[in-house]
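Coordinate analysis (summary)
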Amino acid sequence: MELSRNLTAVTLLVLGTSLGIYVLWQTWTSSKKKRTRKMIPQIQDLEQLKQMKWECVGKVTKVFVYPVKSCKGLSVDSASAEFRGLVYKAARDRSFIITTEKGTMITGCMVPSTVLIQATFEDSTLTLTFPGMEALHVDTKEVEKNYMCLKTNIWGEDTYGLDCGRDVSLWLQKVLHRKCKLLYHADLPASRVSNHPLGSRCPLLRDDDHSLYADSGGYMLMTAESIADLQTRVSSKIAAEDFRPNILIEGTKKPYDEDEWQYVKIGNTIFRNTMPCSRCIFTTISAETGKKNPDMEPLCTLKTYRCEKGMDSPSFGINLGLDLAGEVSVGDEVHITRSKSSFEYVKG
């Protein structure tokens, strides 16, 4: 009996010590991430921010909201810029995610036909449509009531969502030809921190730039001029939708002008240029057809002139953090402040 008690005590001690070491390691890793992120003094006075010297660089030509990560976006006239991403009516950007039964995220990189699923959100109902399939309706109030919270992982960071149920899983299985689930972020805590391999050189990237299921930050901006320049370098047809921006700007004086933008003011909304948008194989998937480019374009071409030295992933467009919430509408003038980019892209 005494031996049994001693063994139990030792077991508990080992488990407790292991747990303590794990917690300390997690805390150290988290703090290390923050320590390696060099910060410049932030402008705390929004009135001061509004009174900065602003330069008009063009107008908003398109606004996109993507209710479900990797699915087709909604092209809208206007959307609310909130701290977790754009919101159109009740549709919040990338607030749903498709996963495997084990919680591994499924994206257009893995299953190209995902981009052909159209998601709309009205009141509390999500509607999914796909060519040749009957529409599926999901009552998110019921999803929240059932509260089946599951874990998923986005590029190494754990996050959570509410299971939208068996009917949705079966519908998605018919579309994507694999067993999967749909998770809804709802009002769960958004604690994911936007990271970049060269984050120490992203001075306006903050630890409170959280996103829901977006890869990096809640906003991605592109310019039509940069897309047009890339089009002159590739033979295959490309479109802005292939790069999944939230905000498309037109009227800049030169391609890739956005590299030098510091703060971005659209209407009464103010953003920060937090980091370049790293590109992957998803750029080779046509948003119109859901087919992968056989020549891996435009990714291969981007790699020849848009890679930071020592990096394999090219950058195209910029991610934004939000400083002042407001509306973003098609036709809005875009004003910016400038700062020389700390990134230098080399020819491959």
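Residues numbered from 1 in each chain as written. Predicted model: local features only at pLDDT ≥ 70, side-chain atom pairs only at ≥ 80, totals over all residues. Heavy atoms only, no water.

Some points on helix α5 (residues 224-231)
The cut-off we apply is this: Residue exposure (1.4 Å probe, protein chains only): buried if accessible area is under 20% of the type maximum, exposed if over 50%, otherwise partly exposed. In this text, helices come from DSSP runs of H or I with a minimum length of four residues, and strands from runs of E with a minimum of two, each type numbered from the N-terminal end. We call two residues in contact when some of their heavy atoms are within 4.5 Å.
Burial runs high along α5: six of the eight residues are buried. Every buried residue of α5 is listed here: A224, E225, S226, I227, D229 and L230. For α5, the elements touching its buried residues are β13 (219-223), β14 (247-250), α6 (299-305) and β18 (315-324).

Focus: the sheet that holds strand β6 (residues 96-100)
Filter applied, for reference: One bridge is not enough; two strands pair if DSSP finds at least two bridges between them. For helices, the fitted line uses only the C-alpha atoms of the stretch in contact; every axis is such a line through C-alpha atoms, and the angle between N-to-C directions lies from 0 to 180 degrees.
Here we have four strands laid out as an open sheet, ordered β6-β12-β11-β10, and antiparallel in their pairing. Each edge of the open sheet is held by one strand with a lone partner, namely β6 and β10 (149-154). In this sheet, neighbouring strand axes are inclined to one another by 50° on average, regardless of whether the strands run parallel or antiparallel. The pairing of strand β11 (residues 157-163) with strand β12 (residues 180-184) spans two bridges and is antiparallel. Paired with D163 across the bridge in β12 is L183. Of the strands in this sheet, β6 and β12 are in contact with helix α4 (residues 166-176), which crosses β12 at around 125°.

Re the packing of aromatic side chains
The description of two aromatic rings rests on the distance between their centres and on the angle between their planes. Convention followed: Classification of ring pairs rests on two measures: the distance between centres of Phe, Tyr or Trp rings, Trp counted by its six-membered ring, which must be within 6.5 Å, and the angle between planes, read as stacked under 30 degrees, edge-to-face over 60 and tilted in between. Counting as a charge over the ring demands two things of the Lys NZ or Arg CZ atom: a distance within 6 Å of the ring centre and an angle within 35 degrees of the ring normal.
Taken as a whole, this structure holds seven aromatic pairs when the rule is applied. Ring geometry for F64 versus Y66: centroids 6.3 Å apart, planes at 25°, classification stacked. Taking the relative accessible area as the measure of exposure, Y66 reaches 2% and is therefore buried. A network of ring pairs unites the aromatic residues F243, Y256, Y305 and F316 as a single cluster. Lying over the aromatic face of Y305, R233 brings its terminal NZ or CZ to 3.8 Å of the ring centre. Above the plane of the ring of Y345 lies R306, whose end atom (NZ or CZ) is 4.1 Å from the centre.

So, the pattern of salt bridges
Note the threshold: Criterion for a salt bridge: a side-chain nitrogen of Lys or Arg within 4 Å of a carboxyl oxygen of Asp or Glu.
In total, this model carries 18 salt bridges according to the counting rule given. Residue R94 pairs with D93 through a salt bridge whose shortest N-O separation is 2.8 Å. A single burial state applies to R94 and to D93, both of which are buried. K303 is the salt-bridge partner of D312, the closest N and O atoms lying 3.5 Å from each other. Because the salt bridges share partners, they merge into one network encompassing E55, K254, D257, E260 and R338.

So, the confidence of the model for the protein
In plain terms, the rule: Each residue gets a pLDDT score, which is the predictor's confidence in that residue and runs from 0 to 100.
Residues with a pLDDT of 70 or more make up 84% of the protein, whose mean pLDDT is 86. Below a pLDDT of 50 lies the segment residues 1-41, which in the model reaches 20 contacts outside its immediate sequence neighbourhood of four places, other chains included.

Observations concerning the sheet that holds strand β3 (residues 78-82)
Ordered by their spatial adjacency, four strands build an open sheet running β5-β4-β3-β19, and the pairing between neighbours is antiparallel. Strand pairing shows two members of the sheet lacking a second neighbour, β5 (91-92) and β19 (326-329), which therefore form its edges. Direction of pairing for β3 relative to strand β4 (residues 85-88): antiparallel, over a ladder of three bridges. Within β4, the position partnered with S80 by the bridge is V87.

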